[in-house]
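Here are the chains, one letter per residue:
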Amino acid sequence: MALLRSFGIGAAAGRAALAWIRRDQHAGALERTNFHGRTVTLAGGPALALGATTAAALGAPGGRLAAAAVTAGAVSGAVGLYDDVVGNRPEQKAAKGFAGHLGALREGQVTSGLVKIAGVGTAALAASALIGSGRSSRAGRTTDVLVGAGVIAGMANLLNLLDLRPGRAIKAGAIIGAPLALRRGGGIAAGTLGASAALLPDDLGEEIMLGDSGANALGALLGVALVARSGPAGRLAALTVLGALTAASEKVSFTRVIQDTPWLRTIDELGRRAR
C-alpha cells in the first residue's frame, strides 16, 4: 500500500506541476520543434522533476534518503532546465559533447552544458554522501560514496542520452525502476515512476518533451534509489554498466540500434502517436 501511495502521489504531483507550468506567462519560452516538426513544450521536464522529486522524498525510508532524493532530483532538474533554455541560444549551440564544453571553457566561455555537467556531478556526490556506506573503514566509505556518485550521475546521463524520441526515456526509466520500486523500501523509485507515468501519454502524444530537465531528474532519482539499495559490489557493477553504455554512445547510435532490433523497436514505438 505504501508503494501504491508513493506512485499515486507522484502521478498527482506530476500532473499538477505540468498544469501549473503551462499556465505560467513565460511558458511560451519553453516551446520547441521536435523531430517530426511539431511544436511541443519543454514544460514536461520541470513538471517531471518537481513531481518525481516531491514524491520520491515523501516515499523515502528515512530523512537522509529523502534529502538525497531532493538534492539529486531538484538540482539535476534545475541545471537541466537551465541548459534547455540557455543552450538553445545560437552562441551556445556550437559546443557539443563533453569535449566541446571543455574546449569552450579553454577559450573563456562557460557553456550551459558545462553548468549542467558540473551541477549534476555535484548533486550526485552530495546525494551519495547522504546515502552513505555501511563499511567501517574511511577508505571503504570514501570509495562507496564516489562510486555511488558515479552511478547517480551516470544514470542521469543515460536517460538523457535516450531522450531522443517520444516516451523513450520514460519507458527506459520504467524498466530500470520497476524492480527497485517493487522491493521493500521502494518509495523513492515508486514516486519517481508515478510522476513519469502520469506524463507518459503527453510525451507519447508529442505534446510535451522531457528535455534535459526531465531526463536528468528521472535518471538521477532512479540512481539514488539504486545506490540506496546496493552494496559496494552492486554499485560497482552498476557503474561499470553505465560507463560501458556511455562509452558506446560515443561510437554507436542508440536510435539506430533500437530501430535495427525488432523487439526493441516494438517497445520503443508502443503507444506513440502516428505520423
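Cut-offs used in this document
Residues numbered from 1 in each chain as written. Predicted model: local features only at pLDDT ≥ 70, side-chain atom pairs only at ≥ 80, totals over all residues. Heavy atoms only, no water. Helix = DSSP H or I, 4+ residues; strand = E, 2+ residues; numbered from the N terminus. Rg over C-alpha atoms; globule rule 2.2 N^0.38 Å. Buried < 20%, exposed > 50% of the residue type's maximum accessible area, 1.4 Å probe, protein only. Contact = heavy atoms within 4.5 Å. Areas by Shrake-Rupley, 256 points an atom, 1.4 Å probe, with all protein chains shown as cover. Salt bridge = Lys/Arg side-chain N within 4 Å of Asp/Glu carboxyl O. Expected span 1.5 Å × (residues − 1). Phe/Tyr/Trp six-rings, centres within 6.5 Å; stacked < 30°, edge-to-face > 60°. Lys NZ or Arg CZ within 6 Å of the ring centre and 35° of its normal. Core = buried A, V, L, I, M, F, W, Y, C linked by side-chain atoms within 4.5 Å.

J.: I'm lost on the overall build of the protein chain in this one. Help?
T.: Counting secondary structure elements, the protein chain contains 12 helices and 2 strands. Listed by position from the N terminus, the elements making up the protein chain come as α-β-β-α-α-α-α-α-α-α-α-α-α-α. For the protein chain, whose C-alpha radius of gyration is 18 Å, the value lies close to the compact-globule estimate of 19 Å for 275 residues. Considered along the principal axes of its C-alpha atoms, the protein chain spans approximately 55 × 50 × 40 Å. Looking at the protein chain as a whole, 49% of its 275 residues qualify as buried. Partitioning the intrachain contacts of the protein chain with sequence separation of at least 6 by distance along the chain shows that 76% fall at a separation of at least 24. When the accessible surface of the protein chain is summed, it comes to about 12900 Å², and 62% of that surface belongs to carbon and sulfur atoms.

J.: Just to check I follow, could you spell out the side chain of Asp-144 for this structure?
T.: For Asp-144, the position within the fold is in helix H6 (residues 138–162). Contacts of Asp-144, omitting those with residues within four sequence positions, involve Ser-128, Ser-133, Arg-135, Pro-232 and Arg-235.

J.: In this structure, what is going on with the pattern of salt bridges? I would like to understand it.
T.: A pair can form between side chains of opposite charge whenever their charged atoms are brought close. Within the structure shown, the criterion is met by 7 salt bridges. Residues Glu-206 and Arg-38 are paired through a salt bridge, measuring 2.9 Å at the closest nitrogen-oxygen approach. Of this pair, Glu-206 sits in the loop between helix H8 (187–204) and helix H9 (211–228) while Arg-38 sits in the loop between strand E1 (31–33) and strand E2 (39–41), and the two are 168 residues apart along the sequence. Like Glu-206, the residue Arg-38 is buried in the burial classification. Within the structure, one salt-bridge network assembled from shared partners comprises Asp-83, Lys-116 and Asp-212.

J.: Honestly, H9 in this entry has me stumped. Any pointers?
T.: In an α-helix, one turn spans 3.6 residues, which is why side chains three or four residues apart end up on the same side. Spanning 18 residues, H9 covers 26 Å between terminal C-alpha atoms, matching the ideal 26 Å at 1.5 Å per step. Within H9, 17 of the 18 residues are buried, leaving the element largely enclosed by the surrounding structure.

J.: Whenever I open this one, the side chain of Thr-255 confuses me. Can you help?
T.: For Thr-255, the position within the fold is in helix H11 (residues 254–260). Classification of Thr-255 by relative accessible area gives buried; the value is 13%. Excluding residues that lie within four positions of it along the chain, Thr-255 makes contacts with Leu-164, Arg-165 and Arg-168.

J.: Mind showing me how you'd approach the packing of aromatic side chains here?
T.: Pairs of aromatic rings are described using the distance from one ring centre to the other and the angle between the two planes. On inspection of all chains with the given rule, the structure shows 0 aromatic pairs. Taking the ring centre of Phe-35 as reference, the NZ or CZ of Arg-165 above it sits at 4.3 Å.

J.: Which parts of the structure should I look at to understand helix H7 (residues 168–181)?
T.: Taking 1.5 Å of rise per residue, the 14 residues of H7 would be expected to cover 20 Å, and the 19 Å separating its terminal C-alpha atoms lies within 8% of that figure. Among all positions in H7, only Arg-168, Ala-169, Ile-170, Lys-171, Ala-172, Gly-173, Gly-177, Leu-180 and Ala-181 are buried. Those residues of H7 hidden inside the fold are in contact with helix H1 (2–23), H6, H8, H9, H11 and helix H12 (262–269).

J.: What is the right way to look at unusual backbone geometry in this model?
T.: Glycine aside, residues mostly have negative phi angles, and peptide bonds mostly take the trans form. Located in the positive-phi region is Glu-206, a residue other than glycine, with phi close to 60°. Exposure remark for Glu-206: the relative accessible area of 3% places this residue in the buried category.

J.: Help me out: how do you make sense of the nonpolar core in this one?
T.: As a rule of thumb, nonpolar side chains are buried together in soluble globular proteins. Counting 54 residues, the largest nonpolar core has Leu-48, Ile-131, Ile-152, Ile-188 and Val-224 as the members making the most contacts within it. Look past the residues within four positions of Ile-131 in its chain and what remains in contact with it is Leu-65, Ala-68, Ile-152, Val-224, Val-227, Ala-228 and Arg-235.

J.: Can you help me understand the environment of Leu-199 in this one?
T.: Structurally, Leu-199 can be placed in helix H8. Considering only alpha carbons, one finds Leu-199 and Gly-44, 155 residues apart in sequence, at a separation of 7.1 Å. Contacts of Leu-199, omitting those with residues within four sequence positions, involve Gly-14, Arg-15, Leu-18, Gly-44, Ala-47, Leu-48, Ile-170 and Ile-208.

Any functional reading would require information that these geometric values do not contain.
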